[in-house]
2 protein chains.
Amino acid sequence: MTERIREFLRDRRAKGLDVEPCLVVDLEVVRDNFMHFAKALPDSRVFYAIKANPAPEVLSLLASLGSCFDCASVQEIQMALAAGATPDRISFGNTIKKERDIARAYELGIRLFSVDCTPEVEKVARAAPGSKVFCRILYDCAGAEWPLSRKFGCDPEMAVDVLDNAKRLGLEAYGISFHVGSQQRKVKAWDRALAMAAQVFRDCAERGISLSMVNMGGGFPTKYLKEVPPVVQYGRSIFRALRKHFGNQIPETIIEPGRGMVGNAGVIETEVVLISKKSDEDDVRWVYLDIGKFGGLAETMDESIRYAIKSRHDGAEMTPCVLAGPTCDSADVLYEKMPYPLPVTLEIGDKLLIEGTGAYTSTYSSVAFNGFPPLATYHI
Amino acid sequence: MTERIREFLRDRRAKGLDVEPCLVVDLEVVRDNFMHFAKALPDSRVFYAIKANPAPEVLSLLASLGSCFDCASVQEIQMALAAGATPDRISFGNTIKKERDIARAYELGIRLFSVDCTPEVEKVARAAPGSKVFCRILYDCAGAEWPLSRKFGCDPEMAVDVLDNAKRLGLEAYGISFHVGSQQRKVKAWDRALAMAAQVFRDCAERGISLSMVNMGGGFPTKYLKEVPPVVQYGRSIFRALRKHFGNQIPETIIEPGRGMVGNAGVIETEVVLISKKSDEDDVRWVYLDIGKFGGLAETMDESIRYAIKSRHDGAEMTPCVLAGPTCDSADVLYEKMPYPLPVTLEIGDKLLIEGTGAYTSTYSSVAFNGFPPLATYHI
């Protein structure tokens, strides 16, 4: 929460515009975050993961600061270009691409593509001849608050074949990527992944393939309820791991922060719609908000991300609450297995501030589920 | 799947418009479904649950057939009115409403509101004086494929107090509602819930409150992979239960089909973007589609709803596949714990038809996650 956001919300309320939930993102915080990454990892290029928050204001700011962009779709590539990034600062980082989308990206000047299997390499070779490809390897993500599934990446042994095939099909076998898991709170998490990457570099070298780059992915955390280490500690730990596993032949490196770049820059203002109990004997109160899983808080899925929630009653006695969204969908419950403590004095109509919501909120919002409009957003 | 949908998709392809996934809904099927409900439960009023599919074409058709509408928000009320429903055919069926939304509904002529606690009754009494309210009671939903959480409803004992308070505040204590769980495949599921409702009727009568109506909710299934009983069997079973628990004083009844009204009317056409393995030893193939959890298939959450999926290879040998969506989100996996059998001859670029997708797809779709546009829809 920043003074700029506080002031914006005060003004909005004064204008009588506070009828719907909204996300407010402070661009000054995004700027600071970029600077911290650039300083903590001075030898890595920053590819901002657009999917975390693709607002034009965020993209323009980051483009002006010299950021590169990790894109999940042709639409995101077009947004990055519109924000002022040149094609050489853009990667098509999704391992799952339609061949015609690869061709469109190639037409737009993109020459850097992510792959994790030979069929995808074949598509890139046909639709984007001569481009650079990096192969994503599987990694088990221990220590991440949101460990990833096996959806992306292949076994490291297979990666060597994939890159070999790329080379034989006229592509540049450029490097390796991995992801240590979202909201990774262990600064040492990159060590083992970099050991794996170094092994793939050696295995490739034996096959006559000289790799140049390691894409170290995202996973940099933002502060929710628990404290997280500062970026500078990640930078130091990653540098040590690079030195350890690559010796004096440290490759070119990329990082792809998304959550870590915008998460703490955003605050959602929401209203308490109802407070009730299910029976006279219940200890737990149900608190219903005007935003839920389908209005932007999809990351509360399985109660994975636990946001910090503030109100005008902070400091009052707390009581455990089940927190739920406003839709007629019984799955639209944010925290139930582990109830959320909220002030006993909380009332219907009170505003709550949900902190750390700058990432993975606005675009997750459903089109119109239950007739509710998508989350309103302001980037200031 | 109907011949009309098949023909529409053929035409669409012929016009070169088949580049994105789309949902096609056959309105003739919706019409048939309405007729089946009307015939199976001739003494119940049908309140279509708009949230299942709020397309104007669906609402206009149902309005012209005489359906009433269950609305989750003021926006849905406005859609029902725009489709030609008069206010007396509309209920504001969400138990979680802002007081100003109740006031807006009241201005629009709505006089029927759902509640499940006294604070909500107080809002309705202030913002919609003299209106009818029905109180939702908790029910444990045994036998439903998608059992509901405790989000909606209160203990039956509390419901008596809630309705008593409604009466004292000048509202009409109109009745009781419950929900037996979504995709309820047991035709007898309503029996125990109606026993509970009858008990609340008696308890209210003792307090001098004469209730008139039982809202028996939705839960009527649509066919996915498993067969479901026809609506006529539900009708017979429900009538027997009403007779058993209410004797010769059967109250006015309402049903709120959503999924059962539109589910089997829709088919999603999607494209296979990638087929791969994670290692040479893997038995399971990964099949990636151009639609996933965030493009409309949110009900695959926890692999709850298992859709029937057809392709041009049907009849070929099948092999277990993990099925995933196109986004760079590792949670965007449809079926993994229980892999989905798909033809071994399936190829990248093949079209798949996902059946039974007329409900809870189009409006669940995210605004623009990963830059992908929301699900395109056609109602024919």
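All values derive from a computational prediction rather than experimental measurement.

This part covers the UniProt feature "modified residue: N6-(pyridoxal phosphate)lysine" (unreviewed entry) in chain A. Within this structure's numbering, the places UniProt gives as "modified residue: N6-(pyridoxal phosphate)lysine" (unreviewed entry) are K51 of chain A. Tracing the backbone shows K51 of chain A in the loop between β2 (44-49) and α3 (56-65). By relative accessible area, K51 of chain A is classed as buried at 12%. Setting aside chain neighbours within four positions, we find K51 of chain A in contact with D70, E76, Y360 and T363 of chain A together with C328, F369 and N370 of chain B.

Taken together, the contacts link 76 residues of chain B with 76 residues of chain A. A combined buried area of about 5800 Å² lies between chain B and chain A, and 59% of that area is made up of carbon and sulfur atoms. Joining chain B to chain A, the criterion identifies 10 salt bridges. A salt bridge links D116 of chain A to K278 of chain B, with the shortest nitrogen-to-oxygen separation between them at 3.6 Å. For the pair chain B and chain A, the number of links is 34 residue pairs in polar contact (both at pLDDT 80 or more). Breaking the side of chain B that touches chain A down by element, the ones donating at least two residues are α4 (74-82), α6 (118-127), α7 (156-168), β12 (266-276), β13 (285-289) and β16 (333-343) of chain B. Looking at the side of chain B that touches chain A element by element, the count peaks at five residues for β12 of chain B. Per-class residue counts for the side of chain B that touches chain A are 34 nonpolar, 18 polar and 24 charged.

This paragraph deals with the packing of helix α5 (residues 99-107) of chain A against helix α6 (residues 118-127) of chain A. Residue and element names in this part refer to chain A. Relative to each other, α5 and α6 sit at 40°, their axes nearing to 9 Å. Relative to α6, the element α5 lies oblique. Crossing angle aside, the handedness with which α5 passes α6 is right-handed. Here E99, I102, A103 and Y106 of α5 come into contact with α6, specifically with E120, K123, V124, R126 and A127.

With that out of the way, let us pick up the domain arrangement of chain A. Residue and element names in this part refer to chain A. Under the domain assignment used here, chain A contains domain 1 (3-23 + 264-379) and domain 2 (93-257). A C-alpha centroid distance of 36 Å is found between domain 1 and domain 2. Facing the 10 residues of domain 1 at the interface are six residues of domain 2. Taken together, the two surfaces of domain 1 and domain 2 that pack against each other cover about 810 Å², and 65% of this comes from carbon and sulfur. Of all residues in domain 1, S304, I305 and R306 give up the largest surface area on contact with domain 2, accounting jointly for 43% of the area buried on that side. Joining domain 1 to domain 2, the criterion identifies zero salt bridges. The tally of links from domain 1 across to domain 2 stands at one residue pair in polar contact (both at pLDDT 80 or more).

It is worth spelling out the pairing of strand β11 (residues 252-255) of chain A at this point. Moving residue by residue along a regular strand, the side chains alternate between the two faces of the sheet. Residue and element names in this part refer to chain A. Pairing analysis gives three bridges linking β2 to β11, with the strands arranged parallel. Bridging from a neighbouring strand, R45 pairs with I254 of β11. With three bridges connecting them, strand β10 (residues 213-215) and β11 associate as parallel partners. Within β11, the residue paired with N215 across the bridge is I254. Taken together, β10, helix α9 (residues 231-246) and β11 form a β-α-β motif whose crossover is right-handed.

Screw-axis analysis of chain B against chain A gives a translation of 0.0 Å along the axis, an RMSD of 0.0 Å, and a rotation angle of 180°. Such a combination of turn and shift is consistent with a two-fold rotation axis. Residue S366 of chain B, judged by its C-alpha, is the member of chain B lying nearest the rotation axis, at 2.0 Å. The share of interface residues of chain B whose copies in chain A are also at the interface is 100%, consistent with both copies meeting through the same surface.

We now examine the nonpolar core. If you look at the biggest cluster of nonpolar residues, it comprises 109 residues, and the most contacted ones within it are Y48, F69, F178, W190, L194 and M216 of chain A. Top contributing element to this core by residue count: helix α8 (residues 189-206) of chain A, with 10 residues. In this structure F178 of chain A touches I137, W190, A193, L194, A197, V214, N215, M216 and G217 of chain A, once residues within four positions along its chain are discounted. Core analysis: the second largest hydrophobic core is formed by 108 residues, V133, V160, L211 and I354 of chain B among them.

Okay, the environment of P373 of chain B next. Residues and elements named next belong to chain B. Of note, P373 is situated in the loop between β17 (351-355) and β18 (376-379). Of the residues examined, P373 reaches a relative accessible area of 42% and is grouped as partly exposed. Taking the C-alpha atoms as reference points, P373 and R126, separated by 247 residues in sequence, lie 41 Å from one another.

Moving on: the state of the cysteines. Residues and elements named next belong to chain A. In this structure the tally under the stated criterion is zero disulfides over all chains. You can see C68 has no disulfide; the closest cysteine sulfur is in C71, sitting 11 Å from it. Classification of C68 as buried rests on a relative accessible area of 4%. Distance from the sulfur of C135, which forms no disulfide, to the nearest cysteine sulfur (C154) is 3.8 Å. Of the residues examined, C135 reaches a relative accessible area of 0% and is grouped as buried.

It is worth spelling out the pattern of salt bridges at this point. Scanning the entire structure with this criterion turns up 51 salt bridges over all chains. Between K244 of chain B and D191 of chain B there is a salt bridge; the shortest N-O distance is 3.1 Å. Note that K244 of chain B is positioned in helix α9 (residues 231-246) and D191 of chain B in helix α8 (residues 189-206), a separation of 53 residues in sequence. When its relative accessible area of 56% is taken as the criterion, K244 of chain B is described as exposed. Across the pair K351 of chain B and E271 of chain B runs a salt bridge, and its minimum N-O distance is 3.5 Å. Linking K351 of chain B in strand β17 with E271 of chain B in strand β12, this pair joins segments that are 80 residues apart in sequence. Here K351 of chain B and E271 of chain B have matching classes, each one buried. Residues participating in the shared-partner salt-bridge network are E3, R6 and R10 of chain A.

Turning our attention to the packing of aromatic side chains. Any two aromatic rings considered together are summarised by their centre-to-centre distance and by the angle between their planes. All names here are of chain A. Scanning all chains against the criterion turns up 30 aromatic pairs over all chains. Ring geometry for F201 versus F246: centroids 5.1 Å apart, planes at 85°, classification edge-to-face. Placement of the pair is F201 in helix α8 and F246 in helix α9, with a sequence separation of 45 residues. Accessibility expressed as a relative area gives 13% for F201, which makes it buried. Among the residues examined, F246 registers a relative accessible area of 10% and is labelled buried. Here the aromatic rings of Y224 and Y307 are separated by 5.4 Å at their centres, their planes lie at 85°, and the arrangement is edge-to-face. Of this pair, Y224 sits in the loop between β10 and α9 while Y307 sits in the loop between β13 (285-289) and β14 (309-311), and the two are 83 residues apart along the sequence. Clustering of aromatic rings is evident, with ring pairs tying together F37, W190, F220 and Y234. The ring of Y106 carries the charged tip of R111 above its face, separated from the ring centre by 3.8 Å. In this arrangement the basic side chain of K278 is found over the ring face of W286, its NZ or CZ atom lying 4.9 Å from the centre.

The rules behind the values
Residues numbered from 1 in each chain as written. Chains lettered and ligands numbered in written order. Predicted model: local features only at pLDDT ≥ 70, side-chain atom pairs only at ≥ 80, totals over all residues. Heavy atoms only, no water. UniProt positions renumbered as here; feature names shortened; annotations may be inferred. Helix = DSSP H or I, 4+ residues; strand = E, 2+ residues; numbered from the N terminus. Buried < 20%, exposed > 50% of the residue type's maximum accessible area, 1.4 Å probe, protein only. Contact = heavy atoms within 4.5 Å. Buried area = accessible area lost by both parts, 1.4 Å probe. Salt bridge = Lys/Arg side-chain N within 4 Å of Asp/Glu carboxyl O. Polar contact = N/O pair within 3.5 Å; in protein donor to acceptor, adjacent residues only side chain to side chain. Nonpolar A, V, L, I, M, F, W, Y, C, P; charged D, E, K, R; others polar. Axes fitted to C-alpha atoms, helices over the stretch in contact; angles between N-to-C directions. Parallel < 35°, antiparallel > 145°, perpendicular 65-115°, else oblique. Left-handed = near helix turned anticlockwise from the far one by under 90°. Domains from an automatic or database assignment. Pairing = 2+ DSSP bridges. Right-handed = clockwise from strand over helix to strand, strands pointing away. Least-squares fit on C-alpha atoms with pLDDT ≥ 70 in both. Core = buried A, V, L, I, M, F, W, Y, C linked by side-chain atoms within 4.5 Å. Disulfide = S-S within 2.5 Å. Phe/Tyr/Trp six-rings, centres within 6.5 Å; stacked < 30°, edge-to-face > 60°. Lys NZ or Arg CZ within 6 Å of the ring centre and 35° of its normal.

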